[in-house]
Amino acid sequence: MIRVLVVDDEALVRSGLRMILEAAGEIVVVGEAADGDGAVAAVARLRPEVVLMDVRMPGTDGLTAAARILAAPDAPKLIMLTTFDLDEYVHEALRLGAVGFLLKDTPPRDLAAAVRTVAAGQAMLSPTVTKRLIGSFVDRAPSRAESARRRLAALTAREEDVIRAVARGLSNAEIGRELRLTEATVKAHVSRVLSKLALANRVQAAILVHDADLG
């Protein structure tokens, strides 16, 4: 069973998320929290594998809590819950190490699938949602863009092809078909790129590509 913590200041939202997730099977909601401080305490106490957390909450907000949760050893996978008007906050959460985000109107089936995806160690990078939002809110200041390009210059031509495809939201299988590589080879390239660039996940890789204005 995948252990999940749900964090939202609205009790009705928490209840709805719990019902959706537990009805999907293989997922158990081990706890709930109504604000960022409660989330940090619950993570330490309950050791969930995945945290679903709203960005905007009274008191300690989701972004502040995310920084504290992700800085701890053996941090859980963190998915931010948001609406389109909070995109810039989500972008910062991704920089901190969150593995993705969900819109609050995400269909129940997709919500459960997202939890399974991140629990399995994959970042969520939807080409129709995540890429659009990251691209919209990346600060492409000259200094940041130049710094990103210098980091990417360490990659081989094939590794750059792979990270560009990652930034477009493609899965390993889709990248393999596009670049005529086996899925295992793509997976090895992705792991090597993340290690070489000191990135935590595919979402951070995509942000780096967008920072360099190459996405």
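Scroll up for the structure.
**Q** Talk me through the overall build of the chain; I want residue IDs and the actual numbers.
**A** A tally of regular secondary structure across the chain gives 11 helices and five strands. Among the 215 residues that make up the chain, the fraction classed as buried is 47%. Partitioning the intrachain contacts of the chain with sequence separation of at least 6 by distance along the chain shows that 69% fall at a separation of at least 24.

**Q** So, the layout of surface pockets: which residues are in play, and what are the values?
**A** Here the second largest pocket is characterised by a volume of approximately 350 Å³. If you go around the second largest pocket, you meet 20 residues; those closest to its centre are Lys77, Gly121, Ala123, Ala200 and Asn201.

**Q** So, the sheet that holds strand β5 (residues 100-103): which residues are in play, and what are the values?
**A** With parallel pairing, five strands are arranged side by side in an open sheet as β2-β1-β3-β4-β5. Taken across any chain shown, the strands that pair with only one partner, and hence form the sheet edges, are β2 (27-33) and β5. Averaged over all pairs of adjacent strands, the angle between strand axes in this sheet comes to 25°, irrespective of strand direction. When strand β3 (residues 50-54) meets strand β4 (residues 77-82), the two strands line up parallel, connected through five bridges. Paired with Val50 across the strands is Lys77, a residue of β4.

**Q** Now, about the nonpolar core: what can you tell me, with residues and values included?
**A** Within the largest apolar cluster, 44 residues are counted, with the highest numbers of intra-cluster contacts made by Leu21, Met53 and Met80. When sequence neighbours within four positions are dropped, the list of residues in contact with Met80 reads Met53, Asp54, Val55, Gly62, Ala66, Ala93, Ala98, Gly100, Phe101 and Leu102. In this structure, Ala148, Val162, Ile163 and Leu199 belong to the second largest nonpolar core, which totals 22 residues.

**Q** Run through helix α2 (residues 36-46), naming residues and quoting values.
**A** Looking at α2, one finds that the buried residues are Gly36, Ala39, Ala42, Val43 and Leu46. The arc that holds every buried residue of α2, seen down its axis, measures 120°, which confines them to one face. Projecting away from the buried face of α2 at angles above 90 degrees are the exposed residues Ala44 and Arg45. In the core, the buried residues of α2 are packed alongside β1 (2-7), β2, β3 and α3 (62-70). One side-chain oxygen of the residue at the start of α2 lies 3.4 Å from the amide nitrogen of Asp37, identifying that residue as Asp35.

**Q** So what about empty space enclosed by the protein? Which residues, and what values?
**A** Under the definition given, this model contains one cavity of 30 Å³ or more. Of the residues contributing to the lining of the largest cavity, the split by class is seven nonpolar, no polar and no charged.

**Q** Residues and numbers for the side chain of Asp8, please.
**A** As for its position among the elements, Asp8 is in the loop between β1 and α1 (11-23). At a separation of 2.8 Å, a polar atom in the side chain of Asp8 contacts the main-chain amide nitrogen of Glu10. In this view, Asp8 contacts Val13, Arg14, Ala33, Ala34, Asp54, Met57 and Lys104; residues no more than four positions away in its chain are not counted.

**Q** Tell me about the pairing of β4, and name the residues and values.
**A** Burial analysis of β4 places five of its six residues in the buried class, which makes it a mostly covered element. Traced from β3 through α3 to β4, the parallel crossover comes out right-handed. Summarising the sheet, β4 and β5 pair through four bridges and their orientation is parallel. What sits directly across from Leu81, in β5, is Leu102.

Rules behind the numbers
Residue numbers run consecutively from 1 along every chain, following the written order of its sequence. For this predicted model, a pLDDT threshold of at least 70 governs which residues receive local features, and a threshold of 80 or more governs which side-chain atom pairs are given and counted, while totals over whole chains, interfaces and linings are taken from all residues. No hydrogens and no water enter the side-chain calculation; it runs on all heavy atoms of the structure. Each helix corresponds to a stretch of at least 4 residues labelled H or I by DSSP, and each strand to a stretch of at least 2 residues labelled E; elements are numbered beginning at the N terminus. Working definition: with a 1.4 Å probe on protein chains only, accessible area under 20% of the residue-type maximum means buried, over 50% means exposed, and in between means partly exposed. Only heavy atoms enter the contact rule, under which two residues are in contact if any of them lie within 4.5 Å. Both site types are read off a 1 Å grid over the protein atoms alone. A 1.4 Å probe that fits but cannot get out defines a cavity, while an open set with protein on both sides within 12 Å along at least five of seven lines defines a pocket; lining residues have an atom within 4 Å of a point. Grid points are joined across faces, edges and corners, and a volume is the space filled by probe spheres set on the points. For two strands to pair, DSSP has to find at least two bridges joining them. In this analysis an axis means a line fitted to C-alpha atoms, helices contributing only their contacting stretch, and an angle means the value between N-to-C directions, from 0 to 180 degrees. In this text, buried Ala, Val, Leu, Ile, Met, Phe, Trp, Tyr and Cys residues form a nonpolar core when linked through side-chain atoms within 4.5 Å. What the arc describes is the spread of directions from the helix axis to the C-beta atoms. A 3.5 Å cut-off defines polar contacts: any pair of N or O atoms within that distance qualifies, except that in protein one atom must be a possible hydrogen donor and the other a possible acceptor, and neighbouring residues in sequence count only when both atoms are side-chain atoms. Residues are grouped as follows: Ala, Val, Leu, Ile, Met, Phe, Trp, Tyr, Cys and Pro are nonpolar; Asp, Glu, Lys and Arg are charged; every other residue, Gly included, is polar. Here the term right-handed applies to a crossover when the path leading from its first strand over the helix to its second strand runs clockwise, the strands being oriented away from the viewer.

Any functional reading would require information beyond the geometric quantities listed.
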